[in-house]
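# Residue-level structural notes
Chain by chain, the residues:
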Amino acid sequence: MEEPLLSVRDLKKYFTVRKSLFSKSKDQVFAVDGISLEIGKGETLGLVGESGCGKTTAAKAIIRAVEPTGGKVIFQGRNIFKFNKREMRKLRMKIQLVYQDPYSSLNPRMKIGTMIAEPVKVHKIASGHEVIERVSFILNKVGLPSEAMNSYPHEFSGGQRQRIGIARSLILNPDLIILDEPVSALDVSVQAQVINLLGDLQREFNLSYIVIAHDLSLLKHICDRVNVMYLGKIVEGGSNKDLFSSPQHPYTMGLLSATPIPDPRTMRKRIILEGDLPSPMSPPPGCRFHTRCPIKKRECEQIEPELTDIGGGHWVACHRVDGN
Amino acid sequence: MKTEHPLLRINNLRTYFFSYAGVSKAVDGVSFSLESGETIGIAGESGSGKTVTGLSILRLIPDPPGKIVGGEIFFGGVDLLKVRLTMMRNIRGNNISMIFQEPMTSLNPAFTIGNQISEVIMLHQGVHRKDSIEKCIDMLKLVGIQSPEKRYYEYPYQLSGGMRQRIMIAMALSCNPRILIADEPTTALDVTIQAQILELMNKLKEEMGTAIILITHNLGVIAEMAKRVVVMYLGKVLEVASTDDIFYHSEHPYTKGLLRIIPRIDREIQPGKRLPEIPGMIPNLYKLPKGCHFHPRCSRAKEICRREEPELKEISYQHLCRCWFV
């Protein structure tokens with residue numbers, strides 16, 4: 001069996017915050033509290049969850065854009081959490097991050113060409129005319145004309161800016177791209193274009209993607225595997241088929257049920273989860289989901305369920321699921 | 001209570017924005033009507049004019065740079081665009097209310113939520129604060145807020161997004177308006193909270209008989225909530241029909257395009273299959289295409305589409321479409 005490209009083991013990221021403006025006593029935010037996942041070459045893995053689940057923090061911790069509190073990330077056989085600065089720099093050519101907001105993630109004072117050329121110059125991959133050629137090549141790949149390199153971000157639409165962000169991540173020929181909400185800031189009629197572009201690029205360059213999103217409809221369309229996060233933990237993970245056809249965790253079922261379907265004749269039964277999302281500063285004891293769970297039992301309030309393999313690479317953390 | 005028919009009738013509304021960059025015809029000839037107790041969805045993307053339509057109904061358009069330059073909005077036998085602002089103030093809250101997209105920013109952070117809801121009741125119903133408190137607590141209970149007597153004294157920062165939106169709804173419905181305009185009421189909320197809020201809105205609609213104008217780009221939300229749909233693009237209405245007709249018998253290429261391209265959770269797809277696309281981008285409002293505004297992106301565009309704008313025509317019972325080819 002082929003080695004996974006990236007393997008995340010028990011990743012933790014806690015933030016320490018002051019209790020209030022003038023207080024010295026501190027609180028901990030358990031943003032990511034022990035998650036593990038794997039992704040292979042050419043695969044697309046989805047990470048889904050709502051506010052405070054830790055998916056964005058997890059993405060940043062994986063590439064050490066924030067320093068993790070614990071765990072390890074194995075990339076091409078080596079634990080990247082042990083890399084020094086020089087090794088991390090080289091690693092960043094291979095793992096890239098595309099940000100959520102195409103309106104704020106591009107420096108408004110930099111020309112597009114300069115922006116995309118920057119990684120090439122920083123890593124000393126090429127110089128002079130070759131840099132311009134590479135920038136031109138990559139702009140065309142994302143469906144933009146070469147002339148775009150002389151323009152500023154404000155001259156482009158949201159969809160185009162997102163393409164520029166993707167171009168910037170591609171220029172160093174990475175193996176893995178982490179995309180944080182790649183289309184949620186875009187108009188509906190433009191989302192499909194960007195989704196298709198990502199698929200084309202993946203096929204052409206054999207890229208792996210970790211896609212973070214809150215929209216399950218999007219993930220159903222593009223992911224090979226999906227992991228569902230809740231309050232810093234993965235509660236369910238499985239293949240696209242398993243997760244969407246036979247979800248096991250009550251939170252996954254609640255999420256699927258809550259996703260609106262553009263069909264007025266749809267006859268599904270709605271599961272409306274009660275209550276609000278608890279704060280990641282004080283996650284509930286036992287199973288973190290129990291405060292909103294429609295099928296909780298006594299032990300759910302006290303004992304945290306383990307993520308268990310229920311067959312075929314389908315993992316669930318729930319006391320009420322057979323196989324536990 | 002006498003139910004009027006229709007409750008609201010908008011005729012050829014035109015709201016433009018004037019600046020050094022030129023004139024932006026944000027709403028350019030929009031007409032539709034709303035029946036008592038009905039939910040109508042206004043669907044559109046950025047620049048479609050859907051939010052400006054909602055704001056125009058309540059005459060909340062900032063002037064400058066905006067101006068309602070034409071049209072009529074009939075409510076209760078009166079053209080709202082011609083009444084005095086003092087009467088408009090009476091209509092807001094009491095008869096027509098609005099909730100906005102970002103509950104984080106639509107509430108005043110410096111005042112308690114009780115204070116803010118009471119203010120609405122006091123202003124529009126002319127009562128004193130102590131008389132408004134009981135009504136306020138009733139409203140908080142109605143929108144599902146636990147321990148309302150305590151919450152009355154809390155500040156917005158102490159509440160989650162879902163709860164703040166419930167407060168907005170409480171404020172909007174506190175004076176029992178005939179119409180609620182909801183502008184992207186759940187877009188900023190998590191999907192499980194969105195489901196709660198939509199369910200709440202439906203429940204309150206049933207109990208209070210309020211008509212809702214639901215403004216959103218999310219077709220799934222429209223399918224769930226609306227009985228009729230108005231599809232807008234670049235300031236124009238392109239199609240109007242019952243929800244069922246829009247989703248099952250749409251005629252306009254834009255509507256059809258939108259329905260084809262959205263990823264859906266209820267459909268099986270081959271992994272890696274490409275989504276159909278609507279080519280091109282939404283044009284700048286200052287540089288509108290001539291003729292039919294959608295023609296640069298339309299697969300069926302012909303010469304006449306580039307030259308002349310089609311009219312909004314009734315193509316079957318209560319189904320209108322603005323296209324040369326239906």
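Just above sits the structure.
Residues numbered from 1 in each chain as written. Chains lettered and ligands numbered in written order. Predicted model: local features only at pLDDT ≥ 70, side-chain atom pairs only at ≥ 80, totals over all residues. Heavy atoms only, no water.

## Some details on the interface of chain B and chain A
Contact with chain B, which involves 46 residues of that partner, is made by 40 residues of chain A. Summed over both partners, the interface of chain B with chain A buries about 3,900 Å², with 55% contributed by carbon and sulfur atoms. The largest per-residue losses of area from chain B upon contact with chain A belong to Val-191, Thr-192 and Ile-265 of chain B, which jointly make up 17% of the total buried on that side. The closest approach of N and O atoms between Arg-274 of chain B and Asp-200 of chain A, which form a salt bridge, is 2.5 Å. Here chain B and chain A share 22 residue pairs in polar contact (both at pLDDT 80 or more) between them. Of all the elements in the fold, those that place two or more residues in the side of chain B that touches chain A are α8 (191–208), α9 (219–225), α10 (243–248) and α11 (253–261) of chain B. Ranked by residue count, the leading element in the side of chain B that touches chain A is α8 of chain B, at seven residues. Taken together, the residues of the side of chain B that touches chain A break down into 21 nonpolar, twelve polar and 13 charged. (Contact = heavy atoms within 4.5 Å. Buried area = accessible area lost by both parts, 1.4 Å probe. Salt bridge = Lys/Arg side-chain N within 4 Å of Asp/Glu carboxyl O. Polar contact = N/O pair within 3.5 Å; in protein donor to acceptor, adjacent residues only side chain to side chain. Helix = DSSP H or I, 4+ residues; strand = E, 2+ residues; numbered from the N terminus. Nonpolar A, V, L, I, M, F, W, Y, C, P; charged D, E, K, R; others polar.)

## Overview of the state of the cysteines
Residues and elements named next belong to chain A. Applying the stated criterion to the full structure yields zero disulfides over all chains. The thiol of Cys-293 is unpaired, and the distance to the nearest cysteine sulfur, on Cys-318, comes to 6.2 Å. Given the relative accessible area of 7%, Cys-318 is considered buried. (Disulfide = S-S within 2.5 Å. Buried < 20%, exposed > 50% of the residue type's maximum accessible area, 1.4 Å probe, protein only.)

## A closer look at the sheet that holds strand β7 (residues 176–180) of chain A
All names here are of chain A. Strand order in this open sheet of eight strands is β6-β7-β8-β3-β9-β10-β12-β11, and the pairing throughout is mixed. Across the chains shown, the open sheet's two edge strands, defined by having one partner strand only, are β6 (95–98) and β11 (308–309). Of the pairings in the sheet, the one linking β6 to β7 comprises four bridges and is parallel in character. Residue Ile-95 lies in a different strand from β7, and its bridge partner there is Leu-176. (Pairing = 2+ DSSP bridges.)

## As for the pattern of salt bridges
Residues and elements named next belong to chain A. Under the defined criterion, the tally for this structure stands at 25 salt bridges over all chains. For the salt bridge of Arg-64 with Glu-67, the shortest nitrogen-to-oxygen distance reads 3.2 Å. Where Glu-304 meets Lys-233, a salt bridge forms, and the shortest distance between an N and an O atom there is 3.1 Å. Here Glu-304 is found in the loop between α9 (250–258) and β11, whereas its partner Lys-233 is found in strand β10 (residues 233–239), with 71 residues between them in sequence.

Remember, this is a structural readout, not a statement about activity or role.
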